[in-house]
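Spelled out from the first residue to the last, the chains are:
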Amino acid sequence: MMHRQLSFAAALACAGLLSAQDAPFARYVYTEDTVPREHPVDMRHLLLDVHFDTGAGKVIGSVQHRFVVLRDRVDSLFFDGPGIRVSKATINGAPLRHRSVKEGIWTYPSAPLKLAQEATITFDYEATPDKGIYFIGWNDPAGKMRKQIWTQGQAVDNRYWFPCYDNPNDKLITETKVTMPKPYKVLSNGTKRAEKDNGDGTVTWHYAMTRPHSVYLLMLGIGDYAIEERTTKAGVPVHLWYYPDQADRVGPTYKYSAECIDFVAQHTGIPYPWESYSQIPVADFIYGAMENTTATVFGDFMHIDPRGALDRTYLDVNVHELTHQWFGDLVTARNFDHHWLQESFATFYPKLFTRDTFGQDAYQWRRRNEHWSALGAGEKDYMPVVSTTGGSARHYPKGSAVLDMMMYTFGEEQYRRVIHHYLRKHAYGNVETNDLYQSFQDTLGLSPAWFFDQWLYRGGEPHFKVSWQDGMLKGARSTRITVDQVHERNHLVRFFRMPVEFEVHYTDGSFDRMRQDVDDARTIVEVPNKGGKAVAFVLFDPASYILKRMTFPKPFTELQAQALKAPNMIDRYDAVAALRDSTLDRKRALLIEVFAKEKFHAIRGEVVSQLANDAHADGRALLKKAITDRDVEVRRAAIKNITLVPDGLRREFEVMLADSSYDIVRTALEKLVATYPADTKRYLDATANVIGLDALVRTKWLEISANTGDTESINQLVELMSASNEFRTRQNAMLGVKALGHCDPTAAKYLLDAASSRNRRLAAVAVDVLGDLKERTAYRGLLMESYRKGDWDDRQRGLLKRIFE
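Here is what the cut-offs are and how they apply
- Residues numbered from 1 in each chain as written.
- Predicted model: local features only at pLDDT ≥ 70, side-chain atom pairs only at ≥ 80, totals over all residues.
- Heavy atoms only, no water.
- Helix = DSSP H or I, 4+ residues; strand = E, 2+ residues; numbered from the N terminus.
- Rg over C-alpha atoms; globule rule 2.2 N^0.38 Å.
- Buried < 20%, exposed > 50% of the residue type's maximum accessible area, 1.4 Å probe, protein only.
- Contact = heavy atoms within 4.5 Å.
- Pairing = 2+ DSSP bridges.
- Core = buried A, V, L, I, M, F, W, Y, C linked by side-chain atoms within 4.5 Å.
- Axes fitted to C-alpha atoms, helices over the stretch in contact; angles between N-to-C directions.
- Salt bridge = Lys/Arg side-chain N within 4 Å of Asp/Glu carboxyl O.

Asker: Please provide a residue-by-residue account of the overall build of the protein chain, values included.
Answerer: When helices and strands are counted, the protein chain shows 26 helices and 32 strands. Over its C-alpha trace the protein chain gives a radius of gyration of 29 Å, about what one expects of a compact globule, namely 28 Å for 805 residues. Overall, the C-alpha framework of the protein chain stretches about 90 × 75 × 55 Å when taken along its three principal axes. Expressed as a percentage of the 805 residues in the protein chain, the buried residues total 58%. Counted over contacts in the protein chain with a minimum sequence separation of 6, partners at least 24 positions apart contribute 68%.

Structure, rendered in structure tokens:
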């Protein structure tokens, strides 16, 4: 979606948003989405009754809208529905004049509708949509792909398969009836009311909600499934859908599925707000997962087997989508400017779940990764969190980091009271960022305008330059810490104000702590050193709560003390990471000591990355320990960071060809073959039966085998590019073909099919591979001919035209 962005002053002046009444904060970035969409009626109930022509990708059915009029006079109503063909429209059972336009359907009641009048409009329609609903596997000539139908409504895509008011700022109760042939099962929102056998080989499934939600959250998931039933401690029914031939994946995929519902309810103080909760994996899903009310849809690439769980876990996504049942489904952002109110909270609570389930070290590591993501986005622009222009890095990791700082600044118990009030007050309604701000006032009597202004409405992140020296304070020894804010400042970025903890650690193991606001270009903090002790190291923001860049040069002796003695894992990690610029001879012994002492994988992996290519005997001894370590992340760090497998550790690395991690097997195969090409056949024989999630190992195996001249391996790799395979397998196969520099008519056909896919992630890889092969003279004509002869629809031709014309 394109957004109109104006300058700071011009935008606010044009929008009439800047005035004395706008205190305590104003908007600094204005887009067309800043003002919510108007709607002259309040939608109350939707009944959708559909069946399908699966081969044609067609939806056939009716949709009934019951609503209440909000204005004195309404003589026409518009329903979103691009490309939908309406055969009949009625209002309260009487014929309704209607007119289709590019974006939907205009309706014209015979008499104007009046304030508070209730009415029902029904459409009989057909749709062959490009978005919103997806028909998977029905036209696979090989018959290998799973046959499914699933929907994806966010942001405004449900309008493509049924006429509706498709905007989040109106909520209604939805009801769905879906007729499908046996034996396919149907999942939709709410409670299953009926499963009626029609006696003609079809079944009609009837679901209904009891509380209102937004139209984009209406969903369907249809296919061949089995269901495992669980119940939370609070009594919430949990329905876990899975493929009948993959029962072994239920345990690793759905671990903690019931527990995380109780977790979010306990942390927010708001019980699970719906009747039940379901989760369903689907093939070729265009995102990771989607939090439809009562029913999360997720890509089946996260439907993992026990071995694959070492490389990929559904847990974070699981908790993320579950959290949306409160943040997004129970309370819904009024418009897309406030999208962070959904995604940031849904990113934050999985982080808290990590803390409560796996401990502080894992929590700090999650937070650090969020900081890195947000700071990466900050290198490109200064867009704020509260804006459609902020992008996913602001709505997800930065917003989550802001909530972490909110909890750090105002206290966890106080934060939880605010959130409880916010959810309870706005339950089943719409919210904006100011509603969260008002909850601070209502609950705590606080007005944290400064916090909301700098972290949500403005952009950028602080860059602190920190130094310290021994000083004197009132005749006594102290540690003087100087903090300079050195980041660029502009109309979106100012000096930051934050309460910061300062810790001075002494060589005897004791420490002093002080908390003080940093809020200007320079802040000087004096930490009294009453005992006149020798300083070992100084910490600015211990545990790294604050999202920031920091320049804090430290000598080796201070880094050494911090790496060994800092109480928090992330501060020890920072000291070890800062040793990257030190010579191997100087840091080797310290790193080996740290590796032996530490338990968390991030620090141990960092040590391995710095010593992986160390030729010294002590470095080799540590590497030998790393490749047999019990922690998969430590083993992964060893195999990923080694350049060439040392001959003295060759046998140990060969053991990794049978590692429990698919990812490690793939990387070990690749690096062993690169180091010892004469033994390629032996390595291929050792891994011939390993497939891996997304055929991760198999595609690399075929690529290496093809490189030896095995044409059958090339053929098999090309076949894995076809639409008979799930999209991540296709991606891996396409990258293998690119590495080989191979193309043939079949490969060209599969690449063009992928490049014109509705799955943007699949298409992006295909376009990249096509671009590479198209530059090779030998394949340019072949690809052009395949494009010209292809039977493309208008949408596909439009996408491919950008590549070839």
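We are not done yet, so read on.
Asker: Tell me what's going on with the pairing of strand E2 (residues 58–69), and back it up with residues and numbers.
Answerer: Bridge count between strand E1 (residues 41–53) and E2: 12 bridges; the pairing is antiparallel. Across the sheet, residue Leu-48 finds its bridge partner in E2, namely Val-63. Hairpin remark: E1 followed by E2, antiparallel, with 4 residues in the connecting loop; positive phi at Gly-57, about 65 degrees. Of the pairings in the sheet, the one linking E2 to strand E10 (residues 118–127) comprises 10 bridges and is antiparallel in character. Each bridged residue has a counterpart across the sheet, and for Val-59 the counterpart in E10 is Ala-127.

Asker: Outline unusual backbone geometry, listing residues and values.
Answerer: With an omega of 5 degrees, the peptide bond between Gln-154 and Ala-155 qualifies as cis. Considering the arrangement of structural elements, one finds Ala-155 in the loop between strand E12 (148–151) and strand E13 (171–181). With omega at 5 degrees, the peptide bond leading from Lys-182 into Pro-183 counts as cis. Along the chain, Pro-183 falls in the loop between E13 and strand E14 (185–188). Even without glycine at this site, Tyr-256 takes up a positive phi of about 70 degrees. Looking at where Tyr-256 falls in the secondary structure, it is placed in the loop between helix H2 (250–253) and helix H3 (257–268). Since its relative accessible area comes to 23%, Tyr-256 is described here as partly exposed. The phi angle at Asp-694 is positive, at roughly 60 degrees, despite the residue not being glycine.

Asker: Describe the nonpolar core, with residues and values.
Answerer: Within the largest apolar cluster, 168 residues are counted, with the highest numbers of intra-cluster contacts made by Trp-326, Phe-345, Leu-436 and Phe-653. Excluding residues within four positions of it along the chain, Phe-653 makes contact with Leu-623, Ile-627, Ile-639, Ile-642, Val-645, Pro-646, Ala-668 and Leu-672. One finds Leu-48, Val-59, Leu-218 and Val-297 within the second-largest nonpolar core, a separate group that totals 64 residues.

Asker: If you had to explain the sheet that holds E12 to someone new, which residues and values would you point to?
Answerer: The strand order E11-E12-E18-E14 describes an open sheet built from 4 strands, whose pairing is antiparallel. Lying at the two open borders of the sheet, with one neighbouring strand each, are strand E11 (133–136) and E14. The average angle at which neighbouring strand axes cross in this sheet is 15 degrees, direction not considered. With 4 bridges joining them, E14 and strand E18 (residues 220–223) adopt antiparallel strand pairing. When the bridges of E18 are listed, Lys-185 appears paired with Gly-223.

Asker: Break down the sheet that holds strand E20 (residues 237–242) for me, citing the residues and quoting the values.
Answerer: The strand order across the open sheet formed by 5 strands is E19-E20-E21-E23-E22, and the pairing between neighbours is mixed. If you trace the sheet from one side to the other, it starts and ends with strand E19 (226–231) and strand E22 (289–290), each paired once. Alignment of E19 against E20, held across 6 bridges, turns out to be antiparallel. From the neighbouring strand, Ala-226 faces E20, where its bridge partner is Tyr-242.

Asker: With reference to specific residues and values, describe the pairing of E18.
Answerer: Of the two faces of E18, both are covered, the one formed by Leu-220 and Ile-222 as well as the one formed by Gly-221 and Gly-223. Bridging between E12 and E18 involves 2 bridges; their strand directions are antiparallel. Across the sheet, residue Ile-149 finds its bridge partner in E18, namely Ile-222.

Asker: Break down the pattern of salt bridges for me, citing the residues and quoting the values.
Answerer: Under the definition given, this model contains 61 salt bridges. In this structure, the salt-bridge partner of Arg-636 is Glu-633, at a minimum N-O distance of 3.3 Å. Here Glu-633 and Arg-636 lie together in helix H16 (residues 632–641), a separation of 3 residues that amounts to about one turn. With relative accessibility at 11%, the residue Arg-636 sits in the buried group. Look at Glu-633 and you get partly exposed, because its relative accessible area is 29%. Shared partners join several salt bridges into a network, and the residues in it are Asp-311, Glu-633, Arg-636, Lys-640 and Asp-663.

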